[in-house]
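Chain by chain, the residues:
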Amino acid sequence: MSFETKIKEEYKWGFETNIEREEFPKGLNEDIVRLISKKKNEPEWLLDYRLKAFKIWKEMEHPTWQYSTIPEIDFEDLYYYASPKGTKEAPKSLDELDPELLETFEKLGIPLQEQKRISGVAVDAVFDSVSLGTTWKEDLEKAGVIFCSISEAVEKHPELVKKYLGSVVPPTDNFYAALNAAVFSDGSFVYIPKGVTCPMDLSTYFRINAKETGQFERTLIVADDDSYVNYLEGCTAPQRDENQLHAAIVEIVALDNAEVKYSTVQNWYAGDKEGKGGIFNFVTKRGICKCVNSKISWTQVEAGSAITWKYPSCILQGDNSEGAFYSVALTNHMMQADTGTKMVHIGKNTKSTIISKGISAEQSENVYRGLVKIMPSAKNARNYSQCDSMLIGDKCAANTFPYIDVKNPTATVEHEASTSKISADQLFYLQSRGVDPEKAISLIVNGFCKDVFKTLPLEFSVEAVKLIEMKLENSVG
Amino acid sequence: MSITEQVEKDFSTLESSKENLGLFLQKGLPTKKNELWKYTNLERFWQEFDLSKQQKADLNAIEKDENFNHIFFVNGAFLPAQSDLEVQSGATELTSLKHELKELLANESVFHLVESQTQNQYLLTLEGVQEKPVLIHNFYTSEHAKHSSAHLHVLAKANSETTIIESHTSEDTAESFINNAVSFLVENNARLSFIKTQELGEQSVQVQNTRALVKRDGQFESFTVDAGAKLSRNNISIRLDGEGANCAAHGLYVLGDTQQSDTNSFIHHNRPHTESSQLYKGIMNDKSHGIFTGLIRVEKDAQLINSDQLNKNLLLSKGAHAHSRPQLEIYADDVKCAHGSTTGQMSDEELFYFESRGVPRERAQKLLAQAFAYDVVLKIKNKTAREYAQQVLKKNFKNLKVE
């Protein structure tokens, strides 16, 4: 059976915005770190934090454990800071922004103005390295929720940032965490005070625009006792021939009875059919359920990036805390995705759920890599993992590497995984009822991912389905 | 003295093959940095042994069960007088068999160490349908041998059918470091079943390297029972190298005290239309550790594959640990591969069921543990061999005490 390509859909978000921008010289050294810090008027303690991280990074070696083959990255040939000109002074309102910038976001499908009115989702947009503007600020302030760029948070709420920054992902954690800690430029900061259910979903949109730029943003979410927040994140980048680096950190702290839901749709430029260009997406995401009854859930749809390493993890420290990981990773062309999760059970009666769906098409490689660790203290811990892979085409690969370490006899841990191709029976069934092959495949794939899609917030769920359809359009042959 | 220096010194007295020794020295003993040896520190056990004391010993009284054909090895050396079947050493077929299997376990430095000793290399050739299972006795004495190493090659000729049991026992006080290898070449349409039972004394360490190359329509079954030794490590590498070939690799580890058992299996689907199935179960008591790593790889053009793998662990006490890593590497699209892993304790409901019917808790626990284990033993097709494995388990369950 052969399915002819109907449409050659190119990367829809591959445009570049012509905006004058300000950037530092290429390369990374102590001076650049100082310059970034100075630029952002940072206090002494943060500069020290950056310099310490830089020292740690310099002594680290680039990891070699990975399954994917990556070309060597020249860290001296990158710009570590780029900002749209004119944002030296933080814009007071969105109206003050460069109209061309706003148009960019419009093209991306996040009309900040519109979204304000219609969806009621508060958006913080990060363009290259600088946070542009946050909508719905006042309404959030009324509820006591702090949602701003991390630079602003350093200025206005230093005690909170100082207490939690690096507490979940310390600079010593890994190579890219150290790099990010040294040069992180901006990102979002969220604080939900005690007893508050965040009145609306929070959202960040990331975009890499400038050439030869690395984007290093940092997100810190702190949910105080009895609070709740739903956080969304989306990303795109222009189409370029050379590879670009994205090394971000996301930290989540959930205190007593708090619940944080974090959803991502990642669609960085993935390079062309020959594997030229694309984003290297090396991200450290980790949440800690610090106190009793807290919950963290990660939902991700990974559809972009030339190479992805991403393991959103949960440390279940508080008794009765719960962690969840739902993921759909789709790879086509020459993409390599190595993603999964870590669930570390420390507290009593902790629970975790892992649902991972990998779809590999064309010549791509899709890896699930995960760790479930039950410490001796985690009495009655419970884990359920399911990782399914689907293969489309005979040149792609799907791998599964779970690690399961159980050190407490009262724990119950289950893991199951399967790999197969789209069933010919299902295809035949749909086709015999007049559904064309492309539609049929898209239906089957969406059904395959249903468990994950249903955990996404509504607007993302629609976007995710479309994204998968579009990506598969020219992959099926 | 470093380990490499020690090996060079100890091996200088032995007749050994330079090339393999070179390969071993180049890689050294596996460390924790090697992902496949992440949980087992071989170096810790290694230093207690002296390689230069490798000596032959004889067996005195032997009782032979008539249901089997017997072959005897003591401290890795063949005893021709007592054995029913002949094993050859130094045959030309041995060289060609070695050549065919040379890619299997090529990254395992401990395997090169076995290969570097040329004196204990044997070949067993099997033809036709063997009614009686072959029972290979491996016995290790406490007095003479500190280190024992032997490599048995089995050539299962086309259309042959055989069951082989390899039993490893030792004197209770033996402190042997046993580093063995078994290599199988299963020719077209041959059937071979290999059952290894290990009940070594608690001071012994065993590393067993099992390799099998299965040709067209060949069937290979490997079954491992590990009940003794303070450390047992199984390196299993099976390649399905012909259409219609299939294999099964099953195992059971029943551990107590501070025992550790580490299984690393690799099933390589190199040709289309091949099948494999695996079931590994562990029962861990006291402070024992059970480790399972299983990788299934399906090559690029090996379509129409069926493969499944399951690892189940039963933890019986507070200090017991289970590590499980079921892995898949798939490069073909028309495949059905699945793996699973579970770890847990005995279900309270099942225990309650027994107790409410007047069965004391201790006895109920024993019964449940046995039931958990026998499920694997039932996978052995040959009746005589299955009964043999059941006897071995029964002996070991006698002392099982659940916390």
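Residues numbered from 1 in each chain as written. Chains lettered and ligands numbered in written order. Predicted model: local features only at pLDDT ≥ 70, side-chain atom pairs only at ≥ 80, totals over all residues. Heavy atoms only, no water.

**With respect to the overall build of chain B**
Within chain B, the regular secondary structure consists of 8 helices and 19 strands. Out of the 403 residues belonging to chain B, those deemed buried represent 59%. Counting only contacts in chain B whose residues sit at least 6 apart along the sequence, the fraction spanning at least 24 positions is 84%. Within the structure as shown, chain B displays about 16400 Å² of accessible surface, and the carbon and sulfur contribution to it stands at 45%. (Helix = DSSP H or I, 4+ residues; strand = E, 2+ residues; numbered from the N terminus. Buried < 20%, exposed > 50% of the residue type's maximum accessible area, 1.4 Å probe, protein only. Contact = heavy atoms within 4.5 Å. Areas by Shrake-Rupley, 256 points an atom, 1.4 Å probe, with all protein chains shown as cover.)

**Description of the packing of helix H9 (residues 424-432) of chain A against helix H10 (residues 437-448) of chain A**
Residues and elements named next belong to chain A. With their axes 9 Å apart at the nearest point, H9 and H10 run at an angle of 130° to one another. Between H9 and H10, the crossing angle belongs to the class labelled oblique. Between H9 and H10 lies a crossing whose hand is right-handed. For the pair formed by H9 and H10, the contact residues are Gln426, Leu427, Leu430 and Gln431 on the first element and Pro437, Ala440, Ile441, Leu443 and Ile444 on the second. The residue makeup of the contact of H9 with H10, split by class, is 7 nonpolar, 2 polar and no charged. (Axes fitted to C-alpha atoms, helices over the stretch in contact; angles between N-to-C directions. Parallel < 35°, antiparallel > 145°, perpendicular 65-115°, else oblique. Left-handed = near helix turned anticlockwise from the far one by under 90°. Nonpolar A, V, L, I, M, F, W, Y, C, P; charged D, E, K, R; others polar.)

**Describing the pairing of strand E15 (residues 295-302) of chain A**
All names here are of chain A. Of all 8 residues in E15, 7 are buried, a share of seventy percent or more. The sheet contact formed by E15 and strand E18 (residues 322-331) spans 8 bridges and is parallel. Residue pairing across strands places valine 301 opposite valine 328, the latter belonging to E18. (Pairing = 2+ DSSP bridges.)

**Topic: the interface of chain B and chain A**
How large an interface is tends to be reported as the accessible area lost when its parts come together. Across the contact, 35 residues belong to chain B and 31 residues belong to chain A. Between chain B and chain A the total buried area reaches about 2600 Å² when both faces are included, carbon and sulfur atoms providing 49% of it. Looking only at chain B, the three residues that lose the most surface to chain A are Tyr331(B), Asp333(B) and Thr343(B), adding up to 20% of its buried area. Our count for the contact surface shared by chain B and chain A stands at 1 salt bridge. One salt bridge in this structure joins Asp334(B) and Lys421(A), with 4.0 Å as the shortest N-O distance. Secondary structure elements with two or more residues in the side of chain B that touches chain A: strand E18 (321-330) and strand E19 (335-344) of chain B. Considering only residue class, the side of chain B that touches chain A consists of 13 nonpolar, 13 polar and 9 charged. Examined bridge by bridge, strand E25 (residues 412-421) of chain A and E19(B) share 8 bridges and lie antiparallel to one another. Across the sheet, the residue bridging to Glu414(A) is Thr342(B), located in E19(B). (Buried area = accessible area lost by both parts, 1.4 Å probe. Salt bridge = Lys/Arg side-chain N within 4 Å of Asp/Glu carboxyl O.)

**What to know about the pairing of E25(A)**
Examined bridge by bridge, strand E23 (residues 382-392) of chain A and E25(A) share 10 bridges and lie parallel to one another. In the strand pairing of E25(A), Leu391(A) is matched with Lys421(A).

**Some details on the environment of Lys55(A)**
Along the chain, Lys55(A) falls in helix H2 (residues 44-59). Separated by 127 residues in sequence, Lys55(A) and Ala182(A) place their C-alpha atoms 8.6 Å apart.

**With respect to the pattern of salt bridges**
Residue and element names in this part refer to chain A. Inspection of every chain in the model, using the stated rule, returns 27 salt bridges over all chains. Lysine 156 is the salt-bridge partner of glutamate 152, the closest N and O atoms lying 2.9 Å from each other. Within this pair, glutamate 152 and its partner lysine 156 are both found in helix H6 (residues 150-156), separated by 4 residues, close to a single helical turn. Judged by its relative accessible area of 22%, glutamate 152 falls in the partly exposed class. The exposure class assigned to lysine 156 is exposed, which follows from its relative accessible area of 53%.

**Thoughts on the confidence of the model for chain A**
Looking at chain A as a whole, its pLDDT mean stands at 80, while 78% of the residues score no less than 70. Segment residues 1-9 of chain A is flagged for pLDDT under 50; beyond a separation of four residues in sequence, or across chains, it makes 18 contacts in the model. (pLDDT = per-residue confidence, 0-100.)

**Observations concerning the nonpolar core**
All names here are of chain B. Counting 77 residues, the largest nonpolar core has Leu152, Ile164, Phe184, Leu192, Phe220 and Ile238 as the members making the most contacts within it. When residues in this core are grouped by element, the largest group, 4 residues, is from strand E13 (residues 246-255). Leave out the neighbours within four places in its chain, and phenylalanine 184 touches Leu101, Val154, Ile164, Leu192, Phe194, Thr210, Arg211, Ala212, Leu213 and Phe220. (Core = buried A, V, L, I, M, F, W, Y, C linked by side-chain atoms within 4.5 Å.)

**Observations concerning a positive patch on the surface**
A grouping of Lys342(A), Lys32(B), Lys38(B) and Arg44(B) is seen on the molecular surface, where their side chains present a positively charged patch. Here Arg44(B) shows up in helix H3 (residues 42-46). (Patch = residues over 30% accessible without salt bridge, like charges linked within 9 Å, V, L, I, M, F, W, Y side chains within 5 Å. Lys, Arg positive; Asp, Glu negative; His and termini not counted. Charge placed at Lys NZ, Arg CZ, Asp CG, Glu CD.)

**Things to note about the packing of aromatic side chains**
Residue and element names in this part refer to chain A. Within the structure shown, the criterion is met by 18 aromatic pairs over all chains. Judged by centre distance (5.1 Å) and plane angle (55°), the rings of tyrosine 262 and tryptophan 298 are tilted. Of the two residues, tyrosine 262 is situated in strand E13 (residues 259-266) and tryptophan 298 in strand E15; the sequence distance between them amounts to 36 residues. Residue tyrosine 262 is classed as buried on the basis of its relative accessible area, which comes to 0%. (Phe/Tyr/Trp six-rings, centres within 6.5 Å; stacked < 30°, edge-to-face > 60°.)

**Comments concerning a negative patch on the surface**
Residues Glu171(B), Asp172(B), Glu202(B), Asp257(B) and Asp286(B) make up a contiguous surface patch of negative charge. Structurally, the position occupied by Glu202(B) is in the loop between strand E9 (191-199) and strand E10 (205-214).

**Topic: helix H8 (residues 175-183) of chain A**
Residues and elements named next belong to chain A. Within H8, 9 of the 9 residues are buried, which leaves it mostly tucked inside the rest of the structure. Of the residues making up H8, those classed as buried are Phe175, Tyr176, Ala177, Ala178, Leu179, Asn180, Ala181, Ala182 and Val183. Measuring from the side-chain oxygen of the N-cap residue of H8 to the backbone nitrogen of tyrosine 176 gives 2.9 Å; that N-cap residue is asparagine 174. (Polar contact = N/O pair within 3.5 Å; in protein donor to acceptor, adjacent residues only side chain to side chain.)

**Observations regarding the environment of Leu367(B)**
You can see Leu367(B) is positioned in helix H7 (residues 361-377). Residue Leu367(B) is classed as partly exposed on the basis of its relative accessible area, which comes to 29%.

**Looking at the side chain of Thr341(A)**
All names here are of chain A. If you trace the backbone, threonine 341 turns up in the loop between strand E19 (336-339) and strand E20 (342-345). A polar side-chain atom of threonine 341 sits 2.5 Å from the main-chain carbonyl oxygen of proline 312. Not counting residues up to four positions away in its chain, the partners in contact with threonine 341 are Tyr311, Pro312, Ser313, Phe325, Ile354, Tyr368, Arg369, Gly370 and Leu371.

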